[in-house]
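Observations on the model geometry
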Amino acid sequence: MADTGPGTELVNNTVPAAPITWPSGVTAAACLTFDVDAEAAVLTADISAMDRMMPMSHQSYGPLVGVPRILGILQRYDIKATFFVPGYTAHRYPSVIRAIAEAGHEIAHHSYFHENTVGMDAKTEAAMIDLGLKALWDVAGVRPLGYRAPMWELNYHTPGLLAERGFLYDSSLMDSDHPYALAVGEHAAGEHAAGEEATGQGTARQGAAGDGRVLAEVPVSWGLDDWEQYAFLPGLIGTGLIESPAKALEMWTLELEALHRLGAVFMLCCHPFLSGRPSRAEALCRLIERMKELPGLWITTVGDVAAHTMSLGLTPRACTQPRHPRDAYWVPAKGERP
Ligand code: ZN
């Protein structure tokens, strides 16, 4: 039935991302990613934690102990991974970040101070991205191709800011099992204009790699993030529950095998201050061993998956913003508290 009549303006016309064609011999992909948040993730939540030795030491475990341990694991299994690094972490641990780059891993952008980007205006967010770019360049001579937002919180204007700066990909969104070409909307640098028509696949601006109007999106999901399993820092971060590495390994293995059957991309997000702990690092080894058993699984960097995705010339798809249900007068308008 055609979508006509009341509510039509609310319809989401976005086309689901289809499975992509992988390189010859490949049936699915897996990326190990490490967000080197260190102190910034905690300080953004509570800057006064700067004066507290225990939380700061909990976070510095990541670059000081977790990263070297993880680099050793990756070398042992001959895997190249992607490290998303806040600029502040690069400034605080320059030799650690250089060691990651020198080992041949991908370094990607993860904000400057792990800022809370929810509601951040485009001008401020642009300055944040630029400061992060400068830090990675100054410290490691790296110009990252990829971006992951702190807590994966992209604003609708963020893809435009990334495209303007020549980024190849983002890895923060959750509306697909498969990597895809993300259309960068014409309102990328600002808010939706009043009276704008609903946009979907048909009305999104079309673009090609490198023209500033499209990014590759390599999607993520909360179930493949070690934060939910292990983060525990009373009063600051985490769920207040520390899960067993055996449980995390079981969850991640089930998802790995299911995504492999779908021909999709398995995107594991770990934090060195969490997964760098000994028994968790061993669980990661068991997961890697299972990965290596799966036929046709391409274990590689996010940058490689993104570059391949962009090489396919896919029609970019939009990730459209919901519109306010104007007839429902009891629903608060944007900015009002319920
Ligand atoms: Zn992070």
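Residues numbered from 1 in each chain as written. Predicted model: local features only at pLDDT ≥ 70, side-chain atom pairs only at ≥ 80, totals over all residues.

1. Focus: the pairing of strand 1 (residues 28-35)
Put simply, the rule reads: Neighbour density around each residue's C-beta defines its exposure: 20 or more other C-beta atoms within 10 Å make it buried, 12 or fewer make it exposed, and counts between make it partly exposed, where C-beta atoms are placed from the backbone. Per the convention used, a helix needs a DSSP run of H or I reaching at least four residues, while a strand needs a run of E reaching at least two, with both numbered from the N terminus. Here, a strand pair is defined by DSSP locating no fewer than two bridges between the strands.
In terms of burial, strand 1 is a largely internal element, eight of the eight residues being buried. Alternating positions in strand 1 separate into two faces, Ala28, Ala30, Leu32 and Phe34 on one and Ala29, Cys31, Thr33 and Asp35 on the other, with burial throughout. In the sheet, strand 1 pairs with strand 11 (residues 297-299) via three bridges, with the strands oriented parallel. What sits directly across from Ala28, in strand 11, is Leu297. Inspection of the sheet shows strand 1 paired to strand 10 (residues 265-270) by six bridges, in the parallel sense. Looking across to strand 10, one finds that Phe34 is bridged to Cys270.

2. Side note on the environment of Val305
To keep things clear, this is the line we draw: Once C-beta atoms have been placed from the backbone, residue pairs whose C-beta atoms lie within 7 Å are recorded as contacts.
When you line up the elements, Val305 lands in helix 11 (residues 302-311). Judged by the 25 C-beta atoms lying within 10 Å of it, Val305 is buried. Between the C-alpha atom of Val305 and that of Pro179, which follows or precedes it by 126 residues, the distance is 7.8 Å. Look past the residues within four positions of Val305 in its chain and what remains in contact with it is Ala29, Cys31, Pro179, Val218, Val265 and Thr300.

3. Considerations on the packing of helix 1 (residues 38-45) against helix 2 (residues 53-76)
Applicable threshold: Only the stretch in contact is used when fitting a helix axis, every axis being a line fitted to C-alpha atoms; angles between N-to-C directions are given from 0 to 180 degrees. The residue classification treats Ala, Val, Leu, Ile, Met, Phe, Trp, Tyr, Cys and Pro as nonpolar and Asp, Glu, Lys and Arg as charged. All others, Gly included, are polar.
Packing of helix 1 against helix 2 leaves a shortest axis separation of 6 Å and a crossing angle of 145°. Packed against helix 1, whose contacting residues are Ala38, Glu39 and Val42, the element helix 2 presents Pro55, Met56, Gln59, Ser60, Gly62 and Pro63 at the interface. Residues belonging to the contact of helix 1 with helix 2 are distributed by class as follows: five nonpolar, three polar and one charged.

4. Comments concerning the confidence of the model for the protein chain
The condition that has to hold: For every residue, the pLDDT score states the predictor's confidence, bounded by 0 at the bottom and 100 at the top.
Averaged over all residues, the pLDDT of the protein chain is 90; the fraction at 70 or higher stands at 90%. For residues 187-210, every residue scores under 50 in pLDDT, and the model assigns this stretch 48 contacts once sequence neighbours within four places are set aside.

5. Thoughts on helix 10 (residues 278-293)
Three- or four-residue spacings in an α-helix give side chains the same orientation, since the helix completes a turn every 3.6 residues. Here is the rule: Given a helix with a known number of residues, its expected span is that number minus one, times 1.5 Å. The directions from the helix axis to the C-beta atoms form the arc being described.
Given a rise of 1.5 Å per residue, 16 residues ought to cover 22 Å, and the 23 Å separating the end C-alpha atoms of helix 10 matches this to within 8%. Listing the buried residues of helix 10 in full gives Arg280, Ala283, Leu284, Leu287 and Met291. One side of helix 10 holds all its buried residues, which, seen down the axis, span an arc of 105°. With respect to the buried face of helix 10, the exposed residues turned more than 90 degrees away are Pro278, Ser279, Glu289 and Glu293.

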